[in-house]
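Here is what each chain is made of, one letter per residue.
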Amino acid sequence: MRFLMAIFGLMLAFGAALFSTVSREAGSVWGTVLLASVALLLATFVGLTTVPYLARRVVASRVREAMDYDVTRAGLIYILISVVIGIAAINTGNNLLYVVVAALLSAILVSGVASAWVLKGLALDVHLPEHVFAGRPMLARLLLRNTSSWLPSFSVRIVPAKHKPTKDRWRWESYTLGFPGSRAPQDQWLRLPDRRLRRVREEADKPILRESVYYPFLAPGQELCAELEISFPTRGRYSEKNFGLATRFPFSFLMKTRRINLAREVIVFPVVESADQFLELLPMVTGEFETFVAGRGYDLYRIREYMPDDSARHVDWKASARTASLKVREFSREDERKLRIVFDNPAPGVLEPEVYERAVRLAASLGWHFHHEDVEVSFVAAGLEPTEDVFSFLRYLALVEPQEATPVFSRLRASEDYNLIITGRDEAAIPPALAARAYILSLSVETGLVASHPRAGSRKI
């Protein structure tokens, strides 16, 4: 379509140019000026809009695999010496100095050709693990193969790609107009959806590779594998659009880098803490959950005092005789150990970034912990389809950011699941029927994280 539009625009420009010539011969000055201006404007418009786009489409792969040149310190000294000897040769007319200058320049030419041959026949492949957690080291496999059947490669490095600096751009974004503006979002009287134009800084891609890997020698047809330990400090999306193969062979005058068009992406899950790290919270959650699922089953939950509505067949006669009081066995309902973890994503500005990141880490840690327990666990969040796959939930938490959205409670259907709710809203905003079957972790700027339950009050953790 761009090509056809360019051809049509050039045909109109050509026609306008022809008619301008006719108008000039007819003596019409204004007609000549008008038609010549139209021809010039059409040709300029096509040249500025369509031709660069088509050129980028044609040579995009070649540009992405182009060569980058960086002069080394040894190269700068060598060039300086060559210039000094060249000036001396011109001033003195000494033929020997001309020969020396020619040899020096020939060495630079040989260095460029040899380094290009070394990098030309190399093929790179990068293998990354599927599941990556922030703060945990992982192993990346880098495969480098020499496809040439006769030419070896020397002193090759796999280096990170060069990233463009970030720029500020004007962009329309969703915005909630609140009144009064001095109050916190949850305490404002009026909140209306709106849009605003802001100058925002584009986030640069988080790089995957941060250090180089060195291969001293690759024989013709040889493939070498290197394992590199990589660690990602924070959750999020890390990507590389290309990698670089660099060499200083043979004289270290230039660092020549060949850009390899090889796109890779890693979704880094939040930090998953061990049970010892949130041991202060875990007994409260598991205690409420076990109390909820207590009932008739096969696993003994506890032995307690007899209640008037208890069946006589559940009386533990040995414990009753030993304690001189009537005791009853209580069992857990193995077939109904269902837990639903609900992450209610707050709106922007409701929580401080530190509190928000702590909530994300806690949701990930609880989901990972109960996934490995004898519990049928499911996950619900704003913008996430209800799922039982813990990795889908972790991927959601890896990319989640505060956003204006409908409360997730409106999507929850009545079920027999016990709910573990992580929310920044007041407990009054949670439906009573849901709160009665839930353990609530409330988030706020003032108190941080507060664990509460309708039957057991609240506690700051």
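Everything below is about the structure shown above.
Quick notes on the rules
- Residues numbered from 1 in each chain as written.
- Predicted model: local features only at pLDDT ≥ 70, side-chain atom pairs only at ≥ 80, totals over all residues.
- Heavy atoms only, no water.
- Helix = DSSP H or I, 4+ residues; strand = E, 2+ residues; numbered from the N terminus.
- Buried < 20%, exposed > 50% of the residue type's maximum accessible area, 1.4 Å probe, protein only.
- Contact = heavy atoms within 4.5 Å.
- Areas by Shrake-Rupley, 256 points an atom, 1.4 Å probe, with all protein chains shown as cover.
- Expected span 1.5 Å × (residues − 1).
- Patch = residues over 30% accessible without salt bridge, like charges linked within 9 Å, V, L, I, M, F, W, Y side chains within 5 Å.
- Salt bridge = Lys/Arg side-chain N within 4 Å of Asp/Glu carboxyl O.
- Pairing = 2+ DSSP bridges.
- Axes fitted to C-alpha atoms, helices over the stretch in contact; angles between N-to-C directions.
- Parallel < 35°, antiparallel > 145°, perpendicular 65-115°, else oblique.
- Phe/Tyr/Trp six-rings, centres within 6.5 Å; stacked < 30°, edge-to-face > 60°.
- Lys NZ or Arg CZ within 6 Å of the ring centre and 35° of its normal.
- Core = buried A, V, L, I, M, F, W, Y, C linked by side-chain atoms within 4.5 Å.

Draft legend 1. View of the overall build of the chain. Tallying secondary structure elements over the chain gives 9 helices and 23 strands in all. Here the chain holds 461 residues, and the buried ones make up 38% of them. Intrachain contacts of the chain at a sequence separation of at least 6 include 67% that bridge at least 24 residues. Here the chain displays about 27700 Å² of accessible surface, and carbon together with sulfur accounts for 59% of that area.

Draft legend 2. Up close: helix α3 (residues 73–92). For α3, which comprises 20 residues, the first-to-last C-alpha distance of 29 Å matches the rise-based estimate of 28 Å (1.5 Å per residue) to within 8%. If you follow the buried residues of α3, they end up packed against β1 (67–71) and α4 (95–120). Downstream of α3 by one or two residues, Gly 93 has phi in the positive range, about 70 degrees.

Draft legend 3. How the structure looks around helix α1 (residues 2–26). Spanning 25 residues, α1 covers 36 Å between terminal C-alpha atoms, matching the ideal 36 Å at 1.5 Å per step. Of the residues making up α1, those classed as buried are Ala 6, Gly 9, Ala 13, Ala 16, Ser 20 and Ser 23. Looking at the residues trailing α1, positive phi occurs at Gly 27, about 90 degrees.

Draft legend 4. Molecular detail of a nonpolar patch on the surface. Side chains of Val 71, Leu 76, Ile 79, Val 83 and Ile 87 sit close together on the surface and give an oily, nonpolar patch of about 430 Å² of accessible area. Ranked by residue count, the leading element in the nonpolar patch is α3, at 4 residues. Inspection of the secondary structure assignment puts Val 71 in strand β1. For Val 71, a relative accessible area of 43% corresponds to the partly exposed category.

Draft legend 5. How the structure looks around the sheet that holds strand β13 (residues 264–269). Taken in spatial order, the 3 strands of this open sheet run β3-β13-β10, and their pairing is mixed. Each end of this open sheet is capped by a strand with a single partner; those strands are β3 (132–133) and β10 (236–240). In this structure, β3 lies alongside β13, joined through 2 bridges in parallel fashion. Among the inter-strand pairings, Val 132 is bridged to a residue of β13, identified as Val 268. Contacts from helix α8 (residues 390–399) reach β3, β10 and β13 within the one sheet, and its direction differs from that of β13 by about 95 degrees.

Draft legend 6. The arrangement of the pairing of β10 in detail. Of all 5 residues that make up β10, 4 are buried, and the element is covered over most of its length. Bridge count for β10 against β13 is 5 bridges, and the pairing is antiparallel. Across the sheet, residue Gly 236 finds its bridge partner in β13, namely Val 268.

Draft legend 7. Fine view of the environment of Glu 223. Mapped onto the fold, Glu 223 is located in strand β9 (residues 223–230). Classification of Glu 223 by relative accessible area gives partly exposed; the value is 46%. The spacing of Glu 223 and Leu 124 is 99 residues in sequence and 9.6 Å in space, taken between C-alpha atoms.

Draft legend 8. Expanded view of the sheet that holds strand β12 (residues 254–260). Pairing within the open sheet is antiparallel, and its 5 strands lie in the order β1-β12-β11-β5-β8. The open sheet terminates on both sides in strands that have one partner only, identified here as β1 and β8 (213–218). Each neighbouring strand pair of the sheet contributes to a mean axis angle of 25 degrees, computed without reference to strand direction. The sheet contact formed by strand β11 (residues 243–247) and β12 spans 5 bridges and is antiparallel. The residue bridging Thr 247 from the neighbouring strand is Lys 256, located in β12. In the packing of α4 onto the sheet, contacts are made with β1, β5 (153–159), β11 and β12, and the angle to β12 comes to roughly 30 degrees.

Draft legend 9. Region of interest: the packing of helix α7 (residues 353–371) against α8. Contact geometry of α7 with α8 gives a least axis separation of 10 Å together with a crossing angle of 170 degrees. When the axis of α7 is compared with that of α8, the two are roughly antiparallel. Counted together, Val 360, Ala 363, Ala 364, Gly 367, Trp 368 and His 371 of α7 and Val 390, Phe 391, Phe 393, Leu 394 and Leu 397 of α8 form the full contact between these two elements.

Draft legend 10. Spotlight on the packing of aromatic side chains. Evaluated as defined, the whole model comprises 10 aromatic pairs. The interplanar angle of 70 degrees and the centroid separation of 5.3 Å between the aromatic rings of Phe 133 and Phe 269 together place this pair among those described as edge-to-face. Of this pair, Phe 133 sits in strand β3 while Phe 269 sits in strand β13, and the two are 136 residues apart along the sequence. Of the two residues, Phe 133 and Phe 269, neither departs from the other in class, the shared state being buried. Between Phe 154 and Phe 249, the ring centres sit 5.1 Å apart and the planes meet at 15 degrees, which makes this aromatic pair stacked. Of this pair, Phe 154 sits in strand β5 while Phe 249 sits in the loop between β11 and β12, and the two are 95 residues apart along the sequence. For Phe 154, a relative accessible area of 30% corresponds to the partly exposed category. Joined through ring pairs, the aromatic side chains of Phe 133, Phe 269, Trp 368 and Phe 391 make up one cluster. Over the ring of Phe 133 we find Arg 136; its NZ or CZ atom is 5.1 Å from the centre of that ring.

Draft legend 11. Summary view of the nonpolar core. Core analysis: the largest hydrophobic core is formed by 38 residues, its most contacted members being Phe 343 and Leu 397. Elements represented by at least two residues in this core include exactly β13, β17 (338–343), α7, β18 (376–381), α8, β20 (418–423) and β21 (438–444). Setting aside anything within four residues of it in sequence, one finds Leu 397 in contact with Arg 235, Pro 270, Phe 343, Val 360, Ala 363 and Ala 364. Residues Leu 119, Leu 124, Val 126 and Val 156 belong to the second largest nonpolar core, which totals 29 residues.

Draft legend 12. Layout of the pattern of salt bridges. What the rule picks out here adds up to 5 salt bridges. Its salt-bridge partner being Asp 68, residue Arg 259 comes within 2.5 Å of it at the nearest N-O pair. Here Asp 68 lies in strand β1 and Arg 259 lies in strand β12, a separation of 191 residues in the sequence. Here Arg 259 falls in the partly exposed class, since its relative accessible area comes to 22%.

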